[in-house]
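Architecture and fold: a report
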Protein chains: 2
Amino acid sequence: MTRKIPQSTVRRLSHYLRSLEGFEGSGGTISSEELAARGQTTAAQVRKDLSHFGSFGKRGLGYQVDELRARLRQILGIDRSWRVGLVGAGRIGLALFDYPAFQARGYDCVAIFDADPAKIGEAWGEQTVRSPDVFEEVLRELDVELVILAIPASAAQEMAERAVEAGVKGILNFAPIRLNVPPKVPVQDVNLVMELEALSFAISQAERNA
Amino acid sequence: MTRKIPQSTVRRLSHYLRSLEGFEGSGGTISSEELAARGQTTAAQVRKDLSHFGSFGKRGLGYQVDELRARLRQILGIDRSWRVGLVGAGRIGLALFDYPAFQARGYDCVAIFDADPAKIGEAWGEQTVRSPDVFEEVLRELDVELVILAIPASAAQEMAERAVEAGVKGILNFAPIRLNVPPKVPVQDVNLVMELEALSFAISQAERNA
DNA sequence: CTACATTTGTGAAGTTTTTCACAAACAGCG
DNA sequence: CGCTGTTTGTGAAAAACTTCACAAATGTAG
Ligand SMILES: NC(=O)c1ccc[n+]([C@@H]2O[C@H](COP(=O)([O-])OP(=O)(O)OC[C@H]3O[C@@H](n4cnc5c(N)ncnc54)[C@H](O)[C@@H]3O)[C@@H](O)[C@H]2O)c1
Ligand SMILES: NC(=O)c1ccc[n+]([C@@H]2O[C@H](COP(=O)([O-])OP(=O)(O)OC[C@H]3O[C@@H](n4cnc5c(N)ncnc54)[C@H](O)[C@@H]3O)[C@@H](O)[C@H]2O)c1
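Rules used throughout
Sequence positions are assigned chain by chain, starting from 1 and proceeding in written order. As a convention, the first chain written is A and the first ligand written is 1, with the rest following in written order. Totals for whole chains, interfaces and linings use all residues, but because this is a predicted model, local features are given only for residues with pLDDT of at least 70 and pairs of side-chain atoms are given and counted only at 80 or more. Excluding hydrogens and water, the side-chain figures rest on all heavy atoms present in the structure. By the criteria applied, helices consist of DSSP H or I runs no shorter than four residues and strands consist of E runs no shorter than two, each listed in order from the N terminus. In this description, contact between two residues means that some pair of their heavy atoms is separated by no more than 4.5 Å. Values of accessible area rely on a 1.4 Å probe in the Shrake-Rupley scheme; residue burial ignores everything except the protein chains shown. Think of it this way: one heavy atom of a residue within 4 Å of a molecule or strand is enough to make that residue near it. N or O atoms within 3.5 Å of each other form a polar contact, as long as, within protein, one can give a hydrogen and the other can take it, and as long as residues adjacent in sequence are counted only when both atoms are side-chain atoms. Ten residues, namely Ala, Val, Leu, Ile, Met, Phe, Trp, Tyr, Cys and Pro, are considered nonpolar, four, namely Asp, Glu, Lys and Arg, are considered charged, and the remaining ones, Gly among them, are considered polar. Here, a salt bridge means any side-chain nitrogen of Lys or Arg that lies within 4 Å of a carboxyl oxygen of Asp or Glu. The least-squares superposition of copies is restricted to C-alpha atoms, and to residues with a pLDDT of at least 70 in both copies.

What follows deals with the overall build of chain A. Secondary structure summary: chain A contains 9 helices and 9 strands in total. Counting only C-alpha atoms, chain A reaches 60 × 50 × 30 Å along its principal axes. Put simply, 57% of the contacts in chain A that link residues at least 6 apart link residues at least 24 apart. Just so you have it, chain A exposes about 10,000 Å², and 50% of that area is on carbon and sulfur atoms.

Turning to the site of ligand 1, a few remarks are in order. Around ligand 1 lies a shell of 25 residues, among which Arg91, Asp114, Lys119 and Ile151 of chain A together with Tyr99 of chain B are the nearest. Between an oxygen atom of ligand 1 and a side-chain N or O atom of Arg91 of chain A, the distance comes to 2.8 Å. Within the side chain of Tyr99 of chain B, a nitrogen or oxygen atom sits 2.8 Å from an oxygen atom of ligand 1. Look at ligand 1: alone it shows 820 Å² of surface, and the protein chains cover 86% of it. By residue class, the composition of the shell around ligand 1 is 19 nonpolar, 2 polar and 4 charged.

Glancing now at the protein's contact with DNA strand D. Within the structure, DNA strand D sits among 23 residues, and Arg59 of chain A together with Ser32, Arg47, Arg59 and Tyr63 of chain B are positioned closest to it. A share of 64% of the atoms of DNA strand D within 4 Å of the protein falls on sugar and phosphate groups. The side chain of Arg47 of chain A places a nitrogen or oxygen atom 3.3 Å from a base nitrogen of DNA strand D. Looking at the surface near DNA strand D, the elements that each hand over two or more residues are α1 (7–21) and α3 (43–51) of chain A together with α3 (43–51) of chain B. The element best represented in the surface near DNA strand D is α3 of chain A, accounting for 4 residues. Taken together, the residues of the surface near DNA strand D sort by class into 6 nonpolar, 9 polar and 8 charged.

Counted according to the given criterion, the structure contains 26 salt bridges over all chains. In this structure, a network of salt bridges that share partners links the residues Glu21, Arg73 and Arg105 of chain A together with Glu197 of chain B.

Moving on to the relation of the copies chain A and chain B. Superposition of chain A onto chain B requires a rotation of 180° combined with a translation of 0.0 Å along the rotation axis, giving an RMSD of 0.1 Å. One copy is carried onto the other by what is essentially a two-fold rotation axis. When the interface residues of chain A are mapped onto chain B, 100% of them are again interface residues, pointing to one common binding face.

Near ligand 2 lie 25 residues; those nearest to it are Tyr99 of chain A together with Arg91, Asp114, Lys119 and Ile151 of chain B. Each of chains A and B places residues near ligand 2. The contact in question runs from an oxygen atom of ligand 2 to an N or O atom on the side chain of Arg91 of chain B, over 2.9 Å. Note that an oxygen atom of ligand 2 is positioned 2.5 Å from one of the side-chain N or O atoms of Asp114 of chain B. For ligand 2, whose unbound accessible area comes to 810 Å², protein coverage reaches 85%. For the shell around ligand 2, the elements supplying multiple residues, two or more each, are α5 (91–97) of chain A together with α5 (91–97) and α8 (153–165) of chain B. When residues of the shell around ligand 2 are assigned to their parent elements, the largest contribution, 3 residues, is made by α8 of chain B.

Here we come to the protein's contact with DNA strand C. In the vicinity of DNA strand C there are 24 residues, among which Ser32, Arg47, Gly57 and Tyr63 of chain A together with Arg59 of chain B approach most closely. Sugar and phosphate atoms form 63% of the subset of DNA strand C atoms that lie within 4 Å of the protein. For DNA strand C, a base oxygen lies 3.5 Å from a polar atom in the side chain of Lys48 of chain A. The side chain of Arg59 of chain A places a nitrogen or oxygen atom 2.9 Å from a sugar or linking oxygen of DNA strand C. Elements represented by at least two residues in the surface near DNA strand C include exactly α3 of chain A together with α1 (7–21) and α3 of chain B. Ranked by residues supplied to the surface near DNA strand C, first place goes to α3 of chain B with 4 residues.

By themselves, these observations are geometric and do not establish any function.
Following this line, the structure appears as structure tokens:
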């Protein structure tokens, strides 16, 4: 039933969940058609995506909003909270730390690290910026499962290795390099330059074909 | 020769370009094999990707690094500079504005807008934060082609429409909503919550199958 | 209880993307 | 020059993903 799930399916599941969250009327139901209309996809795609994980709709009716929401959370692994370590208290790090949507989804920043002596000791909300010297130690102690790397590319590989060594289960990487870590530790890369390039490509392509 | 290019191909082209940039020896050549090793893909994939846009390798030798780099820039539409308007001088907006890699790739921030009266008039580098009141006017005057939306979801649709109205050619959108704009204006969404969810999904999935 | 109007879940068909495999092109060398 | 060892470019095969289409459920109305 649940084997190799396409990455595109996972992205759509996130969309579905977001759609459902902006959807009051807890008792109601929603059809694959309606759900498809909110994301830009098709009803068949919605049903196929969900069918990878079981069948939790009622024929003739659709999906119970409450239940589907809960089921999606479970599938995406956010029916619990995640202990997150933020590495790099720079500009991106700050933006992420302050972003309420993460907390709301169960991503809980429990430690912040930065190599800059001027930043170590700074108070960020309830957290204090710590030195990378105590990285592994703190990750272990606080049981950190996810790490966000918001540090320069030159430091990313080393910190990734140290994070893996300390038992971290996954890495969200903002540095523009490909991390080399054991395959059991998933890495999700965020590369904003690439997004901009996709955009200028799309524009240029349209102009070329015009 | 150049028709409908897969989005995945575009992403890989960005990777190839980045690999080549961290590659001195301007006179040298590189084979599809070597290029594949740097991104995590295959030699055949590299060749197929490039073949969409013509054939600019030499059999038996590989690709001339200089030429390939230039060709990739041209394909991605960054063999020129782009005039970018930043909408939202908040935390994400600041991080992006300060990010040198954008400038380096030819993305030139020529105007900043924010609705917060406290921010209007603030100096950011050579720019001054402007009021949304003069949005269309300034976009037109400065010939802004790309807009980065780093504003709350509640304001994003309106500003997107106004940007399109003012002749903008593409939108990079950080707000977690799906913008409704004419199809001639490409929109690239960045959704960090989704990236985290992909990560926790991957971890949970691995655990389930364990 | 039966006919009816929906809407799911899912094989099968269709489409897109990746991988394979090999002829054609090229440099180097004897 | 012709032979050799590479490496490209590309049809064809394979795999992955999406769309189609319809039987099976399910609530509703009569
Ligand atoms: N700012 C952006 O818009 C942006 C966009 C895309 C990607 N990125 C990438 O994100 C990363 C961070 O960017 P930024 O703009 O926040 O940079 P930044 O310079 O503002 O912050 C980086 C921080 O990391 C700290 N640091 C360096 N080495 C460290 C280590 N070993 N351990 C802990 N902390 C360490 C530095 O002291 C600094 O405070 C970079 O890789 C950058 O390429 C940034
Ligand atoms: N901070 C993050 O890490 C993060 C991550 C992912 C997505 N986002 C998204 O990016 C967007 C911005 O996030 P942020 O954290 O920078 O928020 P922020 O509140 O720090 O900044 C938003 C800024 O936009 C301004 N603004 C509001 N309406 C405007 C308008 N009509 N025109 C111009 N400016 C306007 C506000 O005055 C504010 O300065 C939000 O949609 C958020 O969901 C943020």
